[in-house]
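# Overview (structure and organization)
As a plain string of letters, each chain reads:
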Amino acid sequence: MIENFEGKTAVLTGAGSGFGLECARIGAQRGMNLVLVDVQQDALDAAAAEMQAAGAQVLAQRVDVSNAQQMEQLAAAVQARFGAPHFVFNNAGVGSGGLVWESTVADWEWVLGVNLWGVIHGVRLFTPMMLAAAAQDPSWRGHIVNTASMAGLLNPPNMGVYNVSKHAVVSLTETLYQDLSLVTDQVGASVLCPFFVATGIHASERNRPEGLAAGRATKSQLIGQAMTGKAVTSGKVTAAEVAAKVFDAMATGQFYIYSHPKAIGSVQTRLEDVLQARNPTDPFADKPELGAQLRAALRAV
């Protein structure tokens with residue numbers, strides 16, 4: 001748990017927009033040193049300028065979180081500038097849709113690279129730094145927050161690659177929580193599982209690297225992009241509200257962070273499917289018109 005953020009250091013990936021940017025704003029308000037990380041240079045520059053104007057000490061780094069070497073260079077730069085970070089927000093993420101067998105190798109490598117390997121790198125590089133700082137000072141406290149999704153607790157159709165990446169982040173973070181509890185009481189972990197929130201993730205293709213360029217979009221991928229875009233942009237919960245929940249969770253030691261607590265009912269249904277060994281429940285059971293529309297669109301010649 002971190003109760004006082006004044007003078008502490010935060011490392012925020014995906015800091016140019018969405019949850020990362022809103023957490024940076026809260027961090028600046030609370031007197032934190034900010035390490036802002038993003039792959040989009042103009043968004044990163046704007047975030048850095050805003051936080052510096054707010055009085056924060058800022059280290060801004062353009063980093064592809066899927067790249068091990070770039071993340072290692074980031075960790076070294078953080079250590080040199082601020083020492084071990086107190087708050088690590090492994091938050092950078094990209095969206096993906098389409099029928100699971102239509103995803104290309106490039107689709108898998110891009111989404112898993114950012115959504116999963118980015119978190120893996122953040123955990124493997126910053127956790128030892130935090131544990132070393134904790135060992136030197138009994139009063140030192142740190143917290144790691146990894147951004148997953150409700151898609152890490154459910155399996156919505158036509159989102160296979162994304163679901164896989166986010167389930168892996170939930171598993172990784174739950175294990176991290178348990179592993180940390182074996183060795184320290186000074187460093188905690190939480191997993192953020194947002195539902196549809198306006199963050200810009202539906203426009204992720206803008207930052208897709210040339211080496212993993214998308215092929216011609218299939219019908220299911222186009223349908224997935226349209227449905228996700230509509231759901232995200234119409235979301236009533238804001239990224240700022242979710243960022244506030246992240247800071248609240250760090251202060252109280254809460255592990256699971258939800259943007260839409262009412263969505264947990266669907267998680268309960270899934271777990272009951274598992275416990276009772278019954279076939280997966282129709283995800284559109286409470287909104288059959290949406291399921292009918294998707295099936296009709298995918299089956300149309």
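A short tour of the structure in this document, coming up. (Residues numbered from 1 in each chain as written. Predicted model: local features only at pLDDT ≥ 70, side-chain atom pairs only at ≥ 80, totals over all residues. Heavy atoms only, no water.)

What follows concerns the layout of surface pockets. Counted as a void, the second largest pocket has a volume near 230 Å³. What lines the second largest pocket is a set of 13 residues, and nearest its centre among them are Met 1, Tyr 177, Asp 185, Val 187 and Gly 188. Elements with a contribution of two residues or more to the lining of the second largest pocket: α5 (160-183) and β6 (187-193). Tallied by class, residues from the lining of the second largest pocket come to five nonpolar, six polar and two charged. (1 Å grid on protein atoms, 1.4 Å probe; cavity = no way out; pocket = protein on both sides within 12 Å on 5 of 7 lines; lining within 4 Å. Points joined across faces, edges and corners; volume = space filled by probe spheres on them. Helix = DSSP H or I, 4+ residues; strand = E, 2+ residues; numbered from the N terminus. Nonpolar A, V, L, I, M, F, W, Y, C, P; charged D, E, K, R; others polar.)

Looking now at the sheet that holds strand β3 (residues 58-62). One open sheet holds the seven strands; their spatial order is β3-β2-β1-β4-β5-β6-β7, and the pairing between them is parallel. The open sheet terminates on both sides in strands that have one partner only, identified here as β3 and β7 (256-258). Here the average twist between neighbouring strands, direction ignored, is 15°. Sheet strands touched by α5: β5 (142-147), β6 and β7. Its angle to β6, the strand with the most contacts, is close to 160°. (Pairing = 2+ DSSP bridges. Axes fitted to C-alpha atoms, helices over the stretch in contact; angles between N-to-C directions. Contact = heavy atoms within 4.5 Å.)

Core analysis: the largest hydrophobic core is formed by 45 residues, its most contacted members being Val 35, Leu 74 and Phe 126. Where this core is concerned, the elements lending two or more residues are β2 (33-38), α3 (68-81), α4 (105-136), α5 and β6. Top element by residues in this core is α4. It accounts for twelve residues. Sequence-distant contacts of Val 35, defined by excluding residues within four places in its chain, comprise Thr 9, Ala 10, Val 11, Leu 12, Leu 59, Leu 74, Val 78 and Phe 82. Within the second largest apolar cluster, 34 residues are counted, among which are Leu 12, Leu 21, Ala 48 and Met 250. (Core = buried A, V, L, I, M, F, W, Y, C linked by side-chain atoms within 4.5 Å. Buried < 20%, exposed > 50% of the residue type's maximum accessible area, 1.4 Å probe, protein only.)

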